[in-house]
Amino acid sequence: VQLQASGGGLVQAGGSRRLSCAASGRTFSTYNMGWFRQAPGKEREFVAGISRSGGSTDYADSVKGRFTISRDNAKNTVYLQMNSLKAEDTAVYYCAADEDLFFRTVVSRRQEEYDYWGQGTLVTVSS
């Protein structure tokens, strides 16, 4: 599967932004999807994940209550709605796909579990 992330840009602190990640292929619904980010000078970290059906989600504590992950399997797309953005949310955001053939109930936070990665989209939050 190929992933194409989009929606990044410059946004003021307190503002909102929605990222999209479009996937190619006919098996999108068999993948759990995740969003990760890498801030300047820092390691890449988990942001949010969603199960293949959309019924289960997980968020990093730093974004819980501000970010919402969702997916539309008919459009092969996963979204990350980001509200109340802070300067510390500035990062390159990556979407990733983790093939799940066993309907796991927990979405992984481990980068090693994800098989495919998008190219990243930069979000810059100005304070």
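Predicted model, so just to flag it, every value in this text is computed and none were measured.

Asker: Residue-level account of the state of the cysteines, with values.
Answerer: Each disulfide consists of a covalent bond between the sulfur atoms of two cysteine residues. Applying the stated criterion across every chain yields a total of 1 disulfide. Shown here is the disulfide that connects cysteine 21 with cysteine 95, its sulfur atoms set 2.1 Å apart. The sign of the S-S torsion, about 60°, decides the handedness of the disulfide formed by cysteine 21 and cysteine 95: right-handed. A residue pair is termed long-range when its members are at least 10 positions apart, and cysteine 21 in strand β3 (residues 17–23) and cysteine 95 in strand β9 (residues 91–99) qualify at 74 residues. Cysteine 21 sits in the buried class, given a relative accessible area of 0%.

Asker: Talk me through the pattern of salt bridges; I want residue IDs and the actual numbers.
Answerer: On inspection of all chains with the given rule, the structure shows 9 salt bridges. Its salt-bridge partner being aspartate 61, residue lysine 64 comes within 3.3 Å of it at the nearest N-O pair. Within this structure, Arg37, Glu45, Arg66 and Asp89 form a network of salt bridges that share partners.

Asker: Provide a residue-level description of the side chain of aspartate 98, including the pertinent values.
Answerer: Here aspartate 98 is to be found in strand β9. Among all residues touching aspartate 98, those that are not within four sequence positions of it are Thr30, Tyr31, Asn32, Arg104, Ser108, Glu113, Tyr114 and Asp115.

Asker: Describe unusual backbone geometry, naming the residues involved and giving the relevant values.
Answerer: For serine 84, which is not glycine, the phi torsion reads 50° and is therefore positive. As for its placement among the helices and strands, serine 84 is situated in the loop between β8 (77–82) and β9. On the basis of relative accessible area, serine 84 is assigned to the partly exposed category, the value being 41%. Phi at phenylalanine 103 takes a positive value of approximately 50°, unusual for a residue other than glycine. Here phenylalanine 103 is to be found in the loop between β9 and β10 (116–117).

Conventions adopted
- Residues numbered from 1 in each chain as written.
- Predicted model: local features only at pLDDT ≥ 70, side-chain atom pairs only at ≥ 80, totals over all residues.
- Heavy atoms only, no water.
- Disulfide = S-S within 2.5 Å.
- Helix = DSSP H or I, 4+ residues; strand = E, 2+ residues; numbered from the N terminus.
- Buried < 20%, exposed > 50% of the residue type's maximum accessible area, 1.4 Å probe, protein only.
- Salt bridge = Lys/Arg side-chain N within 4 Å of Asp/Glu carboxyl O.
- Contact = heavy atoms within 4.5 Å.

That is the geometry; function is a separate question.
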